[in-house]
Amino acid sequence: MKNFIHPFALFLCIGCMCSCSKDDDGSEAPIEIPADQKLLGSVEGSGALNFDASFEYNPDKTVDHLNIASAFLFDFSYISDRIASIELAAGGELRKYAFAYSAEGRVTSYSMDEVLIPVDYDPIDNAYHYLDQYDREVTISLTSEGDIRQYSIMDNVSGDRESAVLDYDENGKGSMANANAISLHLGIVLGSPDAVFYIYPFTKRPVRYLSTSDVFSVVFENVYDGQDFVISTSMVVNGEEASNGGTSAFNYIALE
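Residues numbered from 1 in each chain as written. Predicted model: local features only at pLDDT ≥ 70, side-chain atom pairs only at ≥ 80, totals over all residues. Heavy atoms only, no water.

S.K.: For this particular structure, what's the right way to read the overall build of the chain?
M.R.: Summing up its helical and strand segments, the chain has three helices and 18 strands in all. Out of the 256 residues belonging to the chain, those deemed buried represent 50%. Long-range pairs, those at least 24 residues apart, make up 48% of the contacts in the chain between residues at least 6 apart in sequence. A total accessible area of about 12300 Å² is found for the chain, and carbon and sulfur atoms account for 50% of it. (Helix = DSSP H or I, 4+ residues; strand = E, 2+ residues; numbered from the N terminus. Buried < 20%, exposed > 50% of the residue type's maximum accessible area, 1.4 Å probe, protein only. Contact = heavy atoms within 4.5 Å. Areas by Shrake-Rupley, 256 points an atom, 1.4 Å probe, with all protein chains shown as cover.)

S.K.: Please explain the packing of aromatic side chains as it appears in this structure.
M.R.: By convention here, two paired aromatic rings are described through the distance between centres and the angle between planes. Tallied over the full model, the rule gives nine aromatic pairs. Ring centres of Phe55 and Tyr57 lie 5.7 Å apart, and the angle between their planes is 15°; this geometry places the pair in the stacked category. Ring geometry for Phe72 against Phe74: centres 6.3 Å apart, planes inclined by 35°, an arrangement best described as tilted. Take Phe72 and Phe74: they sit in the same class, and that class is buried. One aromatic cluster is present, formed by Phe55, Tyr57 and Phe202 through successive ring pairs. (Phe/Tyr/Trp six-rings, centres within 6.5 Å; stacked < 30°, edge-to-face > 60°.)

S.K.: In this structure, what is going on with the nonpolar core? I would like to understand it.
M.R.: Where a protein is soluble and globular, its nonpolar side chains tend to be buried together. Ranked by internal contacts, the top residues of the largest apolar core, which has 61 residues, are Phe74 and Phe202. Ranked by residue count, the leading element in this core is helix H2 (residues 183–190), at five residues. (Core = buried A, V, L, I, M, F, W, Y, C linked by side-chain atoms within 4.5 Å.)

S.K.: Would you mind going over the pairing of strand S2 (residues 52–57) with me for this structure?
M.R.: For a regular strand, the rule is simple: side chains alternate between the two faces of the sheet. On S2, burial follows the alternation: Ala53, Phe55 and Tyr57 on one face are buried, whereas Asp52, Ser54 and Glu56 on the facing-out side are not. As paired elements, strand S1 (residues 39–44) and S2 share three bridges and run antiparallel to each other. From the neighbouring strand, Glu44 faces S2, where its bridge partner is Asp52. For S2 and strand S3 (residues 63–68), the ladder comprises five bridges, and the chain directions are antiparallel. Residue pairing for S3: Ala53 is matched across the bridge by Ile68. Between the antiparallel neighbours S2 and S3 lie five residues, among them Lys61 with a positive phi of about 75°. (Pairing = 2+ DSSP bridges.)

S.K.: Is there a simple way to explain the pattern of salt bridges in this structure?
M.R.: Pairs may arise between side chains of opposite charge once their charged atoms sit close together. Within this structure, the stated rule accounts for six salt bridges. With a closest N to O distance of 2.8 Å, Arg205 and Glu145 form a salt bridge. Taken together, the positions of Arg205 in the loop between helix H3 (196–199) and strand S14 (207–212) and Glu145 in the loop between strand S11 (136–142) and strand S12 (148–155) put the pair 60 residues apart, joining distant regions of the chain. Its relative accessible area of 33% is what places Glu145 among the partly exposed residues. A network of salt bridges, in which partner residues are shared, links Glu145, Glu170 and Arg205. (Salt bridge = Lys/Arg side-chain N within 4 Å of Asp/Glu carboxyl O.)

S.K.: What's the story with H2 in this structure? I'm lost.
M.R.: Note on helix geometry: an α-helix contains 3.6 residues per turn, so any two residues three or four positions apart are oriented the same way. Of all the eight residues making up H2, eight are buried; the element is thus mostly covered by neighbouring parts of the structure. Inspection of H2 places Ser183, Leu184, His185, Leu186, Gly187, Ile188, Val189 and Leu190 among the buried residues, and these make up the whole buried set. Looking at the residues trailing H2, positive phi occurs at Gly191, about 70°.

S.K.: Sorry, what's going on with the side chain of Ser152 here?
M.R.: By the secondary structure assignment, Ser152 is in strand S12. When sequence neighbours within four positions are dropped, the list of residues in contact with Ser152 reads Glu137, Val138, Thr139, Glu162, Ser163 and Pro193.

S.K.: What exactly am I supposed to notice about the environment of Tyr128 here?
M.R.: With respect to the element layout, Tyr128 can be found in strand S10 (residues 127–131). In this structure the C-alpha to C-alpha distance between Tyr128 and Ile140, which are 12 residues apart in sequence, comes to 5.2 Å. Apart from the residues lying within four places of it in its own chain, the contact partners of Tyr128 are Arg106, Val107, Val119, Asp120, Tyr121, Val138, Thr139, Ile140, Leu142 and Leu184.

This is how it looks when you write it as structure tokens:
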């Protein structure tokens, strides 16, 4: 198995990731969290796969633990505010990924167990390039805030190419606006452009459009609170409303 991502399962997951609805029970509104303290606590959903995600943080607002639908469990460790390693539990497997950096904080290599993968950085495109352990040429380009802008893989064995492109709402605040950027590292760990379907809720800016090389496109219709944070999103997939309807809901917390 080359990675943990299975496209068919992803397609089903998308329907669930946009199926959450929140009932208005008329109860008193909670006290608003100050904008500079707001952190994503969970993303809630319902439907065939009962999608949900939850976060735990360190005191400095860096991500400590991420649980995606009890299918992907990520544990983060840090050195000097940089992600030093990620342990991923998925499908009954446990893998550890370690990251090395330049003095400027750019990823220069990562390792999966005992396999070391050198990583090159292109400052013009703000992009990372590497040849992974499966002889695939990987390019992950980022926005200035560290969100994935484009993720592409060229398989040198089969000749197949996969890619995903994302566009963001620069006027809104994403769920990770006050936390550390994790998109690049999650993209490396999950090892597929399809990873964007799992990590699109965890960005500095809200995603408004996503497309893939297999003619799959998603338009996100985002709703924001009074502090411009995304609080819910619905999807239009290939020009049609997602089959399960509803929305994904973002629930925010503040560290105690």
